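# Observations on chain architecture
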Amino acid sequence: MDIFLQQIVNGLVQGSIYALVALGYTMVYGIMGLINFAHGEVVMIGTLTAITVAGSLLAAGMPPALAGLAALIVATLLCMALGWGLERIAYRPLRNAPRLTPLITAIGMSIILQNLAMILWGRNYQTFPPLFPKVNFELAGVHFTAVQVIIVLLSAATMLSLTLLVYRTKLGMAMRATAQNPAVAGLMGVNSNRVISAAFVIGSALAALAGIMVGAYYEIAHYQMGFMLGLKAFTAAVLGGIGNLLGAMAGGILLGLIEALGAGYIGDLTGGFLGSHYQDIFAFMVLIVVLMFRPSGLFGEKTGDRA
Amino acid sequence: MSIKNWLLPRSTVGIGLIAIALIALPFALATGGQAWVRIANFAILYVFLALGLNIVVGLAGLLDLGYIAFYAVGAYTWALLASPHFGLHLPVWAILPIGAACACVAGVLLGSPTLKLRGDYLAIVTLGFGEIVRIFMNNLNAPINITNGAQGITLIDPVKIGDFSFAGNSTIFGLTLSGPQKYYFLLVALALLVIVVNLRLQNSRIGRAWQAIREDEIAAKAVGINTRNVKLLAFAMGASFGGIAGGVFAAMQGFVSPESFSLIESVMILAMVVLGGMGHIPGVILGAVLLAILPEALRYGVAPLQQLLFGKVLVDPESLRMLIFGLALVLVMRFKPAGLWPAPERKAHGNPNPEEGRA
């Protein structure tokens, strides 16, 4: 039972991170139907920037809280600029191109960002500076750290504010309108270019936040880390029903839980035949099974066949 | 203008010139070292793979991001059946069909649960399938050692027809051919085969059914196409080609490991198809050759160029070459959104403005 609860906690933490990244995918997809493959690299840039900023400020003698805040602000702003630039330079000229064209562009951007990061930060693993106090809590036999608590609370707050933004503000309304029908939204006076830019910028800010969380949680970062994380987060978005905000959050948390529980129990379930190094399989297995029965994801609307 | 088959140019001179160039190429490349022949071999192998994927993506319009899985299945089939790992050394006539069949089964296995899915949902499921295959190959070394895990399988038998082995030097008609050169001719023959199959398929009943599904699945269903079977056939056929290519790859390298079958390879093959011109055979060939050669050419060009410009190597050549590669992908898509050499039909819909005729 203790293992079960412990894995639930681990899954929640990992799932919150997936959910934040998945939101970036799902917002962009919901509005313009594009899989932004470079989103995972935005997360990676966020992590590495935060490490550099926080690391150098700590070395300069700044208190950890201030250094962390500065790192958060710098990384978020940089990622927002990056997301805005990505859309402006790479994707906007391809609005009316054939469907697979932006996908290849996204893959190209992903390769570019990864190698830029490698040139800037090198091939080696970077260690995340000790920003958070190393405090361990124990509750009902379950151990968790301050970082884990911060991650879960901060993502919950972020997701709540995003939901409010999308469902309670004018910008959110414009975003939902553009997602439903860009042409009609345009006729109603929505500037679709601005809405799309906003989706990229907000998604990238979430990515930066998620990037810092990943860095703080695993205490290690690498120029290739964005790829698998992005892949999992995209899987989470599809699992929940891509284009659906609630789906992305639920899909992310669910994926984190499934992975944690799967890794914890697969050895027992298969009599030792499969070990925890099969963890990465769960995400995809669950995805395939869910999509077999619900082809538009768990929370996706059942889209009619459009001619 | 009637769209004539591009393989049948106005004169046979064209074919003759292409044939002479293809025959002369390995000898010309060998003067610069066998490494160049190997690069040419990989380019042709990628042409083969890209044309196989073109059946699935270009003709049937099914976005497959896990194509490398079938290549992996073919490669591992060859590796397991013709290496000291299990002590099996089956002849090529047995392994290649088995490899193709295994890949075909894998294709149907992937295809059948995903038939209901559309577009991007299909993309992520195929991507996941590719990763699952790779992870299994990486980990199936315990408790029973099947794939030898991350170390991969070594000492794989080369292609052998009768007593004629494709590895090492041999003399035919007084001409000494090296191993890579022999594989070159084998690969050209295979590539020609897949080109012919693609051409024949394109205008066949099945090919037209695929294109109908690509353009509009509901309409295709309405005119009586059994979309389920036809889509499965596309998966199975693309997968079989992937399996054959994988087998040849394993034999040519003498070594396979899960590392060769990562997602980026699937993405690369898809990029070849899209960059060249989806569904258009000469375009796909162009895309495959370009994307296979560009990183290699950059490998040789990037460091000396920096030396020349700055007097020393400033930036790690490996990452700089991938940077340029990514940039090339982005730029081509920016200025040629339908690919470098798109199918001419797309513009000839009687639409006065061809720019708007693109789907």
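Worth saying up front: this structure is predicted, and the values here are computed from it rather than measured. (Residues numbered from 1 in each chain as written. Chains lettered and ligands numbered in written order. Predicted model: local features only at pLDDT ≥ 70, side-chain atom pairs only at ≥ 80, totals over all residues. Heavy atoms only, no water.)

## Examining the overall build of chain A
Scanning chain A from terminus to terminus reveals 11 helices and 4 strands. Since a compact globule built from 307 residues should have a radius of gyration of about 19 Å, the 20 Å found for chain A is in line with a globular shape. Here the C-alpha coordinates of chain A stretch approximately 55 × 50 × 35 Å along the principal axes. Here chain A holds 307 residues, and 54% of them are scored as buried. Residue pairs in contact within chain A that sit at least 24 positions apart in sequence constitute 78% of those at least 6 positions apart. Summing over all exposed atoms, chain A offers an accessible surface of approximately 13,400 Å²; the carbon and sulfur share of this is 67%. In chain A, which carries 14 positive and 10 negative side-chain charges, the distance between the mean positions of the two groups comes to 19 Å. (Helix = DSSP H or I, 4+ residues; strand = E, 2+ residues; numbered from the N terminus. Rg over C-alpha atoms; globule rule 2.2 N^0.38 Å. Buried < 20%, exposed > 50% of the residue type's maximum accessible area, 1.4 Å probe, protein only. Contact = heavy atoms within 4.5 Å. Areas by Shrake-Rupley, 256 points an atom, 1.4 Å probe, with all protein chains shown as cover. Lys, Arg positive; Asp, Glu negative; His and termini not counted. Charge placed at Lys NZ, Arg CZ, Asp CG, Glu CD.)

## Details of the side chain of His-280 of chain B
All names here are of chain B. Inspection of the secondary structure puts His-280 in the loop between helix H10 (263-276) and helix H11 (281-310). Since its relative accessible area comes to 12%, His-280 is described here as buried. Filtering out sequence-adjacent residues up to four positions away, His-280 remains in contact with Asn-54, Trp-341, Pro-342, Ala-343 and Pro-344.

## Thoughts on the pattern of salt bridges
Residue and element names in this part refer to chain A. Applying the stated criterion across every chain, the model contains 6 salt bridges over all chains. Residue Glu-87 pairs with Arg-92 through a salt bridge whose shortest N-O separation is 3.1 Å. Arg-92 carries the same exposure label as Glu-87, and that label is buried. Each of Glu-87, Arg-92 and Arg-95 takes part in salt bridges that share partners, so that together they form one network. (Salt bridge = Lys/Arg side-chain N within 4 Å of Asp/Glu carboxyl O.)

## Thoughts on the packing of aromatic side chains
Residues and elements named next belong to chain B. For the structure shown, the criterion picks out 14 aromatic pairs over all chains. Look at Tyr-71 and Phe-261: their rings are 5.6 Å apart centre to centre, the planes differ by 75°, and that puts the pair in the edge-to-face class. A residue pair is termed long-range when its members are at least 10 positions apart, and Tyr-71 in helix H3 (residues 68-81) and Phe-261 in the loop between helix H9 (227-253) and H10 qualify at 190 residues. Since its relative accessible area comes to 4%, Tyr-71 is described here as buried. Residue Phe-261 is classed as buried on the basis of its relative accessible area of 2%. Ring-pair connections join several aromatic residues into one group, and the members of that group are Phe-42, Tyr-71, Tyr-76, Phe-249 and Phe-261. (Phe/Tyr/Trp six-rings, centres within 6.5 Å; stacked < 30°, edge-to-face > 60°.)

## What to know about the pairing of strand E2 (residues 136-139) of chain A
All names here are of chain A. By the bridge criterion, 4 bridges tie E2 to strand E3 (residues 142-145) in an arrangement that is antiparallel. What sits directly across from Glu-138, in E3, is His-143. The antiparallel pairing of E2 with E3 creates a hairpin that spans 2 residues between the two strands, and Ala-140 there sits at a positive phi of about 50°. (Pairing = 2+ DSSP bridges.)

## A short note on the confidence of the model for chain B
Residues and elements named next belong to chain B. Of the residues in chain B, 91% reach a pLDDT of 70 or more, and the chain-wide mean stands at 83. Taken together, the stretch residues 347-359 has pLDDT below 50 and engages in 10 contacts with residues farther than four places along the chain or on a different chain. Quick note on the complex model: pTM equals 0.85, ipTM equals 0.86. (pLDDT = per-residue confidence, 0-100.)

## A closer look at helix H11 (residues 279-293) of chain A
Taken as a whole, H11 of chain A has its buried residues at Ile-281, Phe-282, Ala-283, Phe-284, Leu-287, Ile-288, Val-290 and Leu-291 of chain A. Looking at the buried positions of H11 of chain A, the neighbouring elements they touch are helix H9 (225-240) and helix H10 (245-269) of chain A together with helix H5 (119-139) of chain B.

## So, the nonpolar core
Grouped together as the largest cluster of nonpolar side chains are 209 residues, with contacts concentrated most on Phe-37 of chain A together with Trp-78, Val-256 and Leu-270 of chain B. Looking at which element gives the most residues to this core, the answer is helix H2 (residues 34-59) of chain B, with 15 residues. When neighbours within four sequence positions are excluded, Leu-270 of chain B is seen to be in contact with Leu-103 and Ile-104 of chain A together with Leu-53, Val-57, Leu-63, Asp-64 and Leu-65 of chain B. (Core = buried A, V, L, I, M, F, W, Y, C linked by side-chain atoms within 4.5 Å.)

## Examining the interface of chain A and chain B
Contacts between the two partners involve 51 residues from chain A, matched on the other side by 50 residues from chain B. Regarding the contact of chain A and chain B, the summed buried area is about 4,400 Å², with carbon and sulfur atoms giving 78% of it. Summed over the shared surface of chain A and chain B, the number is 0 salt bridges. Our enumeration of links across chain A and chain B arrives at 3 residue pairs in polar contact (both at pLDDT 80 or more). The set of elements that each furnish at least two residues to the side of chain A that touches chain B consists of helix H4 (101-121), H9 and H11 of chain A. At 13 residues, the largest contribution of residues to the side of chain A that touches chain B is made by H4 of chain A. (Buried area = accessible area lost by both parts, 1.4 Å probe. Polar contact = N/O pair within 3.5 Å; in protein donor to acceptor, adjacent residues only side chain to side chain.)

## Remarks on helix H1 (residues 12-30) of chain B
Structural remark: α-helix, 3.6 residues per turn; residues separated by three or four positions point the same way. Compared with an ideal rise of 1.5 Å per residue, which puts 19 residues at 27 Å, H1 of chain B spans 28 Å between its outermost C-alpha atoms and is within 8% of the ideal. The largest bend in H1 of chain B comes to about 35°, at Ala-24 of chain B, with the proline Pro-26 of chain B one to four residues further on. (Expected span 1.5 Å × (residues − 1). Bend = angle between axes of the 7 residues up to and from the residue.)

## Quick notes on the packing of H11 of chain B against helix H12 (residues 317-335) of chain B
Residues and elements named next belong to chain B. Where H11 contacts H12, the two axes come as close as 9 Å, and the packing angle between them is 130°. Considering the angle they form, H11 stands oblique to H12. Regarding H11 and H12, the two cross each other, and that crossing is right-handed. Residues Leu-291, Leu-294, Pro-295, Glu-296, Leu-298, Arg-299, Val-302, Ala-303 and Gln-306 of H11 lie in contact with H12, whose contacting residues are Pro-317, Glu-318, Leu-320, Arg-321, Ile-324, Phe-325, Ala-328 and Leu-329. Grouping the amino acids of the contact of H11 with H12 by side-chain chemistry returns 12 nonpolar, 1 polar and 4 charged. (Axes fitted to C-alpha atoms, helices over the stretch in contact; angles between N-to-C directions. Parallel < 35°, antiparallel > 145°, perpendicular 65-115°, else oblique. Left-handed = near helix turned anticlockwise from the far one by under 90°. Nonpolar A, V, L, I, M, F, W, Y, C, P; charged D, E, K, R; others polar.)

## Here we look at a nonpolar patch on the surface
Taken together, Met-62, Leu-66, Leu-69, Ile-73 and Leu-77 of chain A make up a surface patch of nonpolar side chains, about 450 Å² in accessible area. Its place among the elements puts Leu-66 of chain A in helix H3 (residues 64-91). (Patch = residues over 30% accessible without salt bridge, like charges linked within 9 Å, V, L, I, M, F, W, Y side chains within 5 Å.)

## Here's the deal with the environment of Arg-38 of chain B
Residues and elements named next belong to chain B. Counting through the fold element by element, Arg-38 comes out in helix H2. Judged by relative accessible area, Arg-38 falls into the partly exposed class, the value being 43%. For the pair Arg-38 and Gly-242, spaced 204 residues apart in sequence, the C-alpha separation works out to 19 Å.

## Regarding the state of the cysteines
Residues and elements named next belong to chain B. As enumerated under the stated definition, the model contains 0 disulfides over all chains in all. No disulfide involves Cys-104; its sulfur sits 9.8 Å from the nearest other cysteine sulfur, which is in Cys-102. Classification of Cys-104 by relative accessible area gives partly exposed; the value is 24%. (Disulfide = S-S within 2.5 Å.)

## Regarding the environment of Ala-22 of chain A
All names here are of chain A. Here Ala-22 is to be found in helix H1 (residues 2-32). Judged by relative accessible area, which is 0%, Ala-22 ranks as buried. In the structure, Ala-22 is positioned 18 residues away from Gly-40 in sequence and 9.6 Å away in space, judged by C-alpha atoms. What Ala-22 contacts, discounting residues up to four positions off in sequence, is Ala-233, Ala-236, Ala-237 and Ala-248.

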